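# Fold and contact review
Residues per chain, in single letters:
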Amino acid sequence: MAGDATATGVSWLLTVWHAVRIPLLLALAVIVLVRSYGKSLPRSKTPSSSSIPPSPRLEKAVWPQDDGAEKQTASIPAVDIEKAPSSNTAKPKTAAAGPKRVVGNRQLKDAAKRRGASDDLASPSFIKPIIFFASLTGSTERFANSLVEELRAAAQERSKSVQRDRGLLLPEIYDLSYIDFEDYFVSAPKPPPNSPQTRYVYCLLIPTYNIDSIINTFLSHLDETHHDFRIDTAPLSGLAGYSVFGFGDGEGWPTEEEGFCSQAKELDRWMAKLTGKKRAYPLGLGDVKSNAQDALKEWTRGLLDVLDEIVETGGLGEGVPGSGDPLESDEEDVAEDGEDNVTGHKDKAEAVVDLEDIKLNVDSGMSDTKSKSATSNQSSATTPAVKEMVPKSSPTYAALTKQGYTIVGSHSGVKICRWTKSALRGRGSCYKYSFYGIRSHLCMETTPSLSCSNKCVFCWRHGTNPVGTTWRWKVDPPEMIFQGVKEGHYKKIKMLRGVPGIRADRFAEAMRIRHCALSLVGEPIFYPHINEFVRLLHSEQISSFLVCNAQHPDQLAALDRVTQLYVSIDASNRESLRKIDRPLHRDFWERFQRCLDILREKRHVQRTVFRLTLVKGFNIEDEIRGYADLVEKALPCFVEVKGVTYCGTSTSAGAGLTMKNVPFYEEVAAFVVALNDELQRRGLKYGIAAEHAHSCCILIASERFLVNGRWHTRINYDRFFELLEREKSKGISFGPEDYMAETEEWALWGNGGFDPNDERVYKKGRNKTVNRQENDSKS
């Protein structure tokens, strides 16, 4: 019975199992699937503090997305590794010299917002450093080149470990003297089309001088850009960052308060304003007499750390004061009305003194010593000392005197022209003798202003003479300048007595100045008392040939009569003029056009001249019509067309000027013929009058000077001074035709323009000295 019961139970269990096994197995399978799905779901957004693991350094470019979205890996197009060196490994942190920085895990999107940048600036990017420098003596240029080598080596080192979505690119370097500020400091450079994620970091290295230099012009440009209502208050905010390093003389200026690296400090503040406070690394200062090299190396190490962080994180981060934060002190938040005192523009912060407060009554001849003393103290307290344009202790003074200049006073100069030496030896005068009858050994070349408002690519003295747009220096009296330049000229003439080949008769003639070329270097019309200086020349029967660069229309309009007035016309359109003259005035084209209008008004009062300097690759090709438009507008008496003279200096090479830019005489002649044809086609009465092949110069003249079929481009100087005296005493005016003289036959177009009474000297070949007439007979 017991066995039957057991068998019955087993049979029942089997019956039950067969009945429920399929639903049971299905239920187990559902449970397994549900548990697996639960493990695959994301964790809760509000875990406990103990459950938060430490954040590892990301191996790929991953950044937070909107809430509820999954993290994504950046999809970056392929980039050529050679062009975009980068690193995918974290650089080991070393103890860098300089201020410490706070380093931590940053939320990139939030950091970008804190810096005022758009979201895409926090995305993977390539960083390209751009180094700008200014240098008069070459020291800062050497330091800048060493910085380039450091950054280049760092970029190449990081390119060994390739990370295709970010990296440090090879640096670029620019001299501030040879760039257009508007190309780099009005808006941030745009990334190239093939690398839209490229961002730029500006590294600026400048010295500090107590003379006017390109640095002053640069700082003035930043000032104007910041205050220009047409430009955004932070036009350089698209930069990834900037940093400034300054060089100074600790012996001359022992402390920062006394001016040590003052221009670098000012540049640092302006860049903070223009970039929206994106100082990548604090201002570095180096003493050229002691620690400049070491200080630059420490600053470079810190800068490289910052560049690595920008590459890795996409931004400058929060930081602390002095460690990458854009604001080092509260100075940059000073209100605009107090800005001048902060930025170092002391000359703008002059106090306004009421004339009644001066209490200086000249008519009454007050003799009260106390009143005079009080007046003197008050004047000295309210009027800052005016600096000299070229102090004797400055590098500019040393450079110009080494080049043969005699510096007169604080802003004038005189120099012997090579044609003066040539004429003294009977080897010919310059083109002004062929065209206008000026014998070179009777001509003094001088300028009352060594400063200029252009940075022409063909300027021989670029980089050594000061530049500026307004006169802000000490003003020397014209009498002192006049006596000084005469003494300097005669002294240099006397120094030529022992030169082989100097002719005694011409040496004696040279001791009586008859002509003055107001050109040399700088801008003569810039001198505030130019009219008084010209009158001093005329008082001693010295003719005046004044050259200006068409950038000072107010001074040109106020200019009194000169013997001949030149205006440099170096280009026929705005863009060409900007490239070749590199003017400092932002409204240079408008100034240029106003000067042409003034020249048109003066053409019946005095002789006016267009001076065209032809530079291949700049202002020759396809500009005939443009030049004809300018001639038609101003209707000058004469148009001088001259090929550029290449002086072979490193400054010219830096400006892009080489021997390839110097046109042959045949090219100049072809240009003149084409220009003359265009003028005649328009019905303008001009013709090719004279030439001086040795100077590569040709003269186009108005037919006002064509009398009975013969050109009269020369000047009757005795007649000019007679007419000038009559005008002064009787008020009888006169015009250019009243003192013209006939052009010599040998100077006419087609005859070469070399005086047959002189010997033509050829520098090449065995027979160096060849008589002009013999040479003509052979040809």
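Residues numbered from 1 in each chain as written. Predicted model: local features only at pLDDT ≥ 70, side-chain atom pairs only at ≥ 80, totals over all residues. Heavy atoms only, no water.

- The name that an unreviewed UniProt entry assigns to the protein is S-adenosyl-L-methionine-dependent tRNA 4-demethylwyosine synthase, with the source organism given as Rasamsonia emersonii.
- Regarding the protein, the relevant UniProt record gives this comment under Sequence similarities (unreviewed entry): "Belongs to the TYW1 family."
- The annotation that UniProt attaches to the protein under Pathway (unreviewed entry) is "tRNA modification; wybutosine-tRNA(Phe) biosynthesis." (UniProt positions renumbered as here; feature names shortened; annotations may be inferred.)

### What about the overall build of the protein?
- What the protein contains, in helices and strands, is 24 helices and 24 strands.
- Burial statistics for the protein: of 779 residues in total, 49% are counted as buried.
- Relative to all contacts within the protein whose residues are 6 or more apart in sequence, the contacts with residues 24 or more apart total 77%.
- In the structure as shown, the protein presents an accessible area of about 38600 Å², 52% of it carried by carbon and sulfur atoms. (Helix = DSSP H or I, 4+ residues; strand = E, 2+ residues; numbered from the N terminus. Buried < 20%, exposed > 50% of the residue type's maximum accessible area, 1.4 Å probe, protein only. Contact = heavy atoms within 4.5 Å. Areas by Shrake-Rupley, 256 points an atom, 1.4 Å probe, with all protein chains shown as cover.)

### Here's the deal with the UniProt feature "transmembrane region" (unreviewed entry) in the protein
- Here, the residues flagged by UniProt with the feature "transmembrane region" (unreviewed entry) are residues 12–34.
- Its end C-alpha atoms 33 Å apart, residues 12–34 is made of 100% helix and 0% strand.

### Focus: the sheet that holds strand S13 (residues 543–548)
- Sheet architecture is open: 10 strands sit in the order S9-S10-S11-S12-S13-S14-S15-S16-S18-S17, paired in mixed fashion. Of all the strands in the sheet, just strand S9 (406–408) and strand S17 (686–692) have a single pairing partner and so form its edges. Neighbour-to-neighbour, the strand axes of this sheet turn through a mean angle of 25 degrees, independent of strand direction. (Pairing = 2+ DSSP bridges. Axes fitted to C-alpha atoms, helices over the stretch in contact; angles between N-to-C directions.)

### So, the confidence of the model for the protein
- When the pLDDT values of the protein are averaged, the result is 77; 73% of them are 70 or greater.
- Contacts for the low-pLDDT stretch residues 650–654, under 50 throughout, to residues beyond four places or in other chains number 8 contacts.
- Predicted confidence is poor over residues 765–779, with pLDDT under 50, and the contacts of this stretch with residues over four places away or in other chains come to 17 contacts. (pLDDT = per-residue confidence, 0-100.)

### Quick look at the environment of Ser-449
- Tracing the backbone shows Ser-449 in the loop between strand S11 (443–447) and helix H14 (478–494).
- A relative accessible area of 0% places Ser-449 in the buried class.
- Between the C-alpha atoms of Ser-449 and Ser-410, which are 39 residues apart in sequence, the distance is 9.1 Å.
- Residues contacting Ser-449, with those up to four places away along its chain left out, are Met-389, His-411, Trp-471, Val-521, Gly-522, Glu-523, Phe-526 and Tyr-527.
- Side-chain polar atoms of Ser-449 contact the backbone oxygen of Ser-451, separated by 3.3 Å. (Polar contact = N/O pair within 3.5 Å; in protein donor to acceptor, adjacent residues only side chain to side chain.)

### A few points about the packing of helix H3 (residues 139–158) against helix H7 (residues 292–313)
- Two elements in contact, H3 and H7, have axes separated by 11 Å at closest approach and are oriented at 35 degrees. The two elements H3 and H7 cross, and the hand of that crossing is right-handed. Facing Phe-143, Ser-146, Leu-147, Glu-150, Leu-151, Ala-154 and Arg-158 of H3, the residues of H7 in contact are Ala-292, Gln-293, Leu-296, Trp-299, Thr-300, Leu-304, Leu-307 and Asp-308.
- Looking at side-chain class alone, the contact of H3 with H7 contains 9 nonpolar, 3 polar and 3 charged residues. (Left-handed = near helix turned anticlockwise from the far one by under 90°. Nonpolar A, V, L, I, M, F, W, Y, C, P; charged D, E, K, R; others polar.)

### So, the pairing of strand S18 (residues 697–702)
- Within S18, 6 of the 6 residues are buried, which leaves the element mostly enclosed by the surrounding structure.
- By the alternation rule, side chains of S18 split into Cys-697, Leu-699 and Ala-701 and Ile-698, Ile-700 and Ser-702, which are all buried.
- One ladder, built from 5 bridges, connects strand S16 (residues 638–643) with S18; its direction is antiparallel. By the bridge assignment for S18, Val-639 is matched with Ile-700.
- When S17 meets S18, the two strands line up antiparallel, connected through 6 bridges. Each residue of the ladder has a partner; that of His-692, found in S18, is Cys-697.
- Taken together, S17 and the strand that follows it, S18, pair antiparallel across an intervening segment of 4 residues, in which Cys-696 is found at a positive phi of about 55 degrees.

### Structural notes on unusual backbone geometry
- Of note, the phi angle at Gln-541 is positive, near 60 degrees, even though the residue is not glycine.
- In the Ramachandran plot, Asn-708 falls in the positive-phi region, its phi being about 55 degrees despite a non-glycine side chain.
- Residue placement: Asn-708 occurs in the loop between strand S19 (706–707) and strand S20 (710–711).

### Focus: the packing of aromatic side chains
- For the coordinates displayed, the defined rule picks out 29 aromatic pairs.
- Taken together through their ring pairs, the aromatic side chains of Phe-132, Tyr-174, Phe-181, Tyr-184, Phe-185, Tyr-202 and Phe-218 make up a single cluster.
- One cation-aromatic arrangement involves Lys-415 over Tyr-405; the distance from NZ or CZ to the ring centre is 5.8 Å.
- One residue, Arg-574, lies across the ring of Phe-588, its end atom 5.0 Å from the ring centre. (Phe/Tyr/Trp six-rings, centres within 6.5 Å; stacked < 30°, edge-to-face > 60°. Lys NZ or Arg CZ within 6 Å of the ring centre and 35° of its normal.)

### Focus: the state of the cysteines
- Tallying each qualifying case throughout the model produces 0 disulfides.
- The thiol of Cys-696 is not disulfide-bonded; the next cysteine sulfur, from Cys-697, is found 8.1 Å away. (Disulfide = S-S within 2.5 Å.)

### So, helix H23 (residues 717–730)
- If you check H23, its first and last C-alpha atoms are 20 Å apart, about what 14 residues at 1.5 Å a residue would give, namely 20 Å.
- By the burial criterion, the buried members of H23 are Tyr-717, Phe-720, Phe-721, Leu-723 and Leu-724. Here the buried residues of H23 occupy an arc of 160 degrees about the axis, which is enough to place them on one side. Facing away from the buried side of H23, by more than 90 degrees, are the exposed residues Ser-729 and Lys-730.
- One side-chain oxygen of the residue at the start of H23 lies 3.4 Å from the amide nitrogen of Asp-718, identifying that residue as Asn-716. (Expected span 1.5 Å × (residues − 1). Arc of directions from axis to C-beta.)

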